[in-house]
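Listed here are the chains, written in short residue letters.
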Amino acid sequence: AVVSTQSTGKGYAFIEFEDRRKAEDACYDLDNKDFLGYRCVVQLAKGVDRSRNRSPPRTDYIPSTARYSRVRPYNTEHRVIVDNLSTRTSWRELKDYFRRAGEVTFADAHRYQERQGIVDFARRSEMRTAVKRLDNTELDGRRIRVT
């Protein structure tokens, strides 16, 4: 991600993230915010990918069975819409909360509409369980609606 000040155009920073999703979250959360009296512009960097010139990330703290088992988030047709989210609720918190109902394959919060999120499940039965168990429950101080 690239961070620069809007008012003067002077000053910028490059910030590297472990994965693109984290960089996108930083852009979403921090773009157009005040920092030390300046309005900041935060956006994904364009240009050359420098990651191949770097050494591979350390994996010694990850159990060997888990090193290659991570699956990228993906959308499914088993989706619920979550309304009345707190503006504090992130996609990570939403995903963690909905894991009570089953395997969450994707979650997003506030991307298309403020106070609304989407959660995708691996199976239809898990989607139905989410609607039954989590509709009209409280998340981050707000009663959410799951449809």
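For the structure, check the block above.
Residue positions within a chain follow its written sequence, with the count starting from 1. Given that the model is predicted, a residue must reach a pLDDT of at least 70 before its local features are reported, and side-chain atom pairs must reach 80 or more before they are shown or counted; all residues, however, enter totals for whole chains, interfaces and linings. Side-chain measures were taken over the full set of non-hydrogen atoms in the model, leaving aside hydrogen atoms and water.

A. Just the pairing of strand 4 (residues 38-43), in detail. Note on pairing: DSSP must find at least two bridges between two strands before they are called paired. In this description a helix means any DSSP run of H or I spanning at least four residues, a strand means any run of E spanning at least two, and both kinds are numbered starting from the N terminus. Relative to strand 4, strand 3 (residues 34-35) runs antiparallel, the two being bridged by 2 bridges. Within strand 4, the position partnered with Phe 35 by the bridge is Tyr 38. Following strand 3, the chain reverses through 2 residues before pairing antiparallel with strand 4; Leu 36 in that reversal takes a positive phi of roughly 55°.

B. Fine view of the sheet that holds strand 5 (residues 79-83). Read from one edge of the open sheet, 4 strands run 6-7-5-10, paired in antiparallel fashion. The outermost strands of the open sheet, each flanked by one partner alone, are strand 6 (104-109) and strand 10 (145-146). Both strand 6 and strand 7 (residues 116-121) contribute to a ladder of 5 bridges, which runs antiparallel. Counterpart to Ala 107 in the pairing with strand 7 is Val 119.

C. Examining the layout of surface pockets more closely. The calculated volume of the second largest pocket comes to roughly 390 Å³. Lining the second largest pocket are 16 residues; nearest its centre among them are Asp 25, Tyr 28, Asp 29, Ala 109 and His 110. Looking at the lining of the second largest pocket, the elements that each hand over two or more residues are helix 1 (20-30), helix 2 (91-98) and strand 6. In terms of residues, the lining of the second largest pocket owes the most to one element, helix 1, which gives 5 residues. In the lining of the second largest pocket, the residues fall into 4 nonpolar, 4 polar and 8 charged. Buriedness of a pocket was judged along seven lines, with at least five required to meet protein on both sides within 12 Å; pockets are open sets of points on a 1 Å grid over the protein atoms alone, cavities are sets where a 1.4 Å probe fits but cannot get out, and lining residues have an atom within 4 Å of a point. Grid points are joined across faces, edges and corners, and a volume is the space filled by probe spheres set on the points. For this classification, Asp, Glu, Lys and Arg are treated as charged, while Ala, Val, Leu, Ile, Met, Phe, Trp, Tyr, Cys and Pro are nonpolar and the rest, including Gly, are polar.

D. Layout of a nonpolar patch on the surface. A cluster of nonpolar side chains, contributed by Phe 35, Leu 36 and Tyr 38, occupies part of the molecular surface with about 370 Å² of accessible area. Tracing the chain through its elements places Phe 35 in strand 3. Patches draw on residues past 30% relative accessible area with no salt bridge. Two like charges within 9 Å are joined, as are two nonpolar side chains (Val, Leu, Ile, Met, Phe, Trp, Tyr) within 5 Å. Residue burial considers only the protein chains on display, and all accessible areas are found by Shrake-Rupley using a 1.4 Å probe. What counts as a salt bridge is simple: a side-chain nitrogen of Lys or Arg found within 4 Å of a carboxyl oxygen of Asp or Glu.

E. Focus on the nonpolar core. Counting residues in hydrophobic clusters, the biggest one holds 18 residues, and the most contacted among them are Val 80, Val 82, Leu 94, Phe 98, Val 119, Phe 121 and Ile 144. Of all the elements in the fold, those that place two or more residues in this core are strand 5, helix 2, strand 6, strand 7 and helix 3 (124-134). Any two residues whose heavy atoms approach within 4.5 Å are treated as being in contact. Ignoring anything within four residues of it in the chain, the contact list for Phe 121 reads Thr 76, His 78, Val 80, Phe 98, Ala 101, Gly 102, Glu 103, Val 104, Thr 105, Glu 126, Met 127 and Ala 130. Buried Ala, Val, Leu, Ile, Met, Phe, Trp, Tyr and Cys residues form a nonpolar core when they are joined through side-chain atoms within 4.5 Å. The buried label applies to any residue whose accessible area, calculated with a 1.4 Å probe on protein chains only, is under 20% of its type's maximum; exposed applies above 50%, and partly exposed to all values in between.

F. Up close: the pairing of strand 6. Within strand 6, 6 of the 6 residues are buried, which leaves it mostly tucked inside the rest of the structure. Between strand 6 and the antiparallel strand that follows it, strand 7, lie 6 residues; His 110 among them carries a positive phi value of about 65°.

G. The arrangement of the environment of Asp 140 in detail. Tracing the backbone through its elements, the reader meets Asp 140 in the loop between strand 8 (138-139) and strand 9 (142-143). Those residues in contact with Asp 140 that lie beyond four places of it in its chain are Ser 86, Arg 88, Thr 89 and Glu 93. Of the polar contacts made by the side chain of Asp 140, one reaches the side chain of Thr 89; its length is 2.6 Å. Side-chain atoms alone can form a polar contact between residues adjacent in sequence; in general such a contact is a pair of N or O atoms within 3.5 Å, and within protein one must be able to donate a hydrogen while the other accepts it.

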